[in-house]
Structures are given as C-alpha cells and as structure tokens.
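Fold and contact review
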Amino acid sequence: LVVEVKAGEEHTLTIDLVAPSTTGRHAARFQLLSPTGEKFGHVHWVKVQVSEFPNKAQLKDMAREFLNDAKVVAALQEEIPTVTKKLSDGKKLAEIVELVLAKK
C-alpha cells in the first residue's frame, strides 16, 4: 500500500486479477503483510475454473464471421419478434439462432 493504515482504521483494497492462460482449476491465496513481513489478517482464497471457451478476440472474429453470412442475417431479421420474445423469456441467443435457422 502507498497509504499507511493505522490500527483500528479502515482502508478499501482492490485487486485486479487476470485468469491464467492454461485451462483447468487454479487457486491462489492472499494475506496482508506488515512492513516487517509479518503475515496478519484473514487469508483470502481465489479459485477459478479456466475453460476452453474462446477468448474475447476469438469471440469477435466468430461473431463477425457469423454475421457476414447473409442467410443468417436475413433469417434473424425475418424473425425479429420471435427473437425479441425469446430473449425476454431468458433464452440464450445461440439457442434462438438455432431455432430460427432450423425453420429455414
């Protein structure tokens, strides 16, 4: 910390975490240290499951490729009321697209 926090005072601490680049389960623990290196306070655990799901750049590329297909765009445009209704019902877009394209 850049700020000194005295006994009895409060300070909000935020930590930005980046998921590991390898798939699988990962865990890390964090605990505060005094200026002399003495551990104190609660031990905080972070556990994450990294899936093989595409990253943000891959998702953008997939979306662009998908929406460049004129048949897909036309089918979705024809079914806008259906798409809107199903989205408001909590359906996932991928499910809706499959349903719409199955009609064609």
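Below is a short write-up of the structure. (Residues numbered from 1 in each chain as written. Predicted model: local features only at pLDDT ≥ 70, side-chain atom pairs only at ≥ 80, totals over all residues. Heavy atoms only, no water.)

**Regarding the overall build of the chain**
Along the backbone of the chain there are four helices and two strands. In the chain, the order of α-helices and β-strands from amino to carboxyl end is β-β-α-α-α-α. Here the C-alpha coordinates of the chain stretch approximately 70 × 30 × 20 Å along the principal axes. Each of the 104 residues in the chain was classed as buried or not, and the buried ones make up 10%. Restricting to contacts in the chain with at least 6 residues of sequence separation, those with at least 24 account for 30%. (Helix = DSSP H or I, 4+ residues; strand = E, 2+ residues; numbered from the N terminus. Buried < 20%, exposed > 50% of the residue type's maximum accessible area, 1.4 Å probe, protein only. Contact = heavy atoms within 4.5 Å.)

**Overview of the pattern of salt bridges**
Side-chain pairs of opposite charge can arise whenever the charged atoms involved come near each other. Throughout the structure, instances matching the rule amount to two salt bridges. Salt-bridge contacts for Asp 61 lead to Arg 64; the nearest nitrogen and oxygen are separated by 3.4 Å. With Asp 61 and Arg 64 both in helix 1 (residues 56-67), this residue pair falls three residues apart, about one helical turn. Assessed through its relative accessible area of 46%, Asp 61 is described here as partly exposed. For Lys 85, the salt bridge is made with Asp 89, and the minimal N-O distance between the two is 2.8 Å. (Salt bridge = Lys/Arg side-chain N within 4 Å of Asp/Glu carboxyl O.)

**A short note on the nonpolar core**
The tendency in soluble globular proteins is for nonpolar side chains to be buried side by side. Counting seven residues, the largest nonpolar core consists of Val 72, Ala 75, Leu 76, Val 83, Ile 96, Val 97 and Val 100. Put simply, the parts of the chain that give this core at least two residues each are helix 2 (70-78) and helix 4 (93-103). (Core = buried A, V, L, I, M, F, W, Y, C linked by side-chain atoms within 4.5 Å.)

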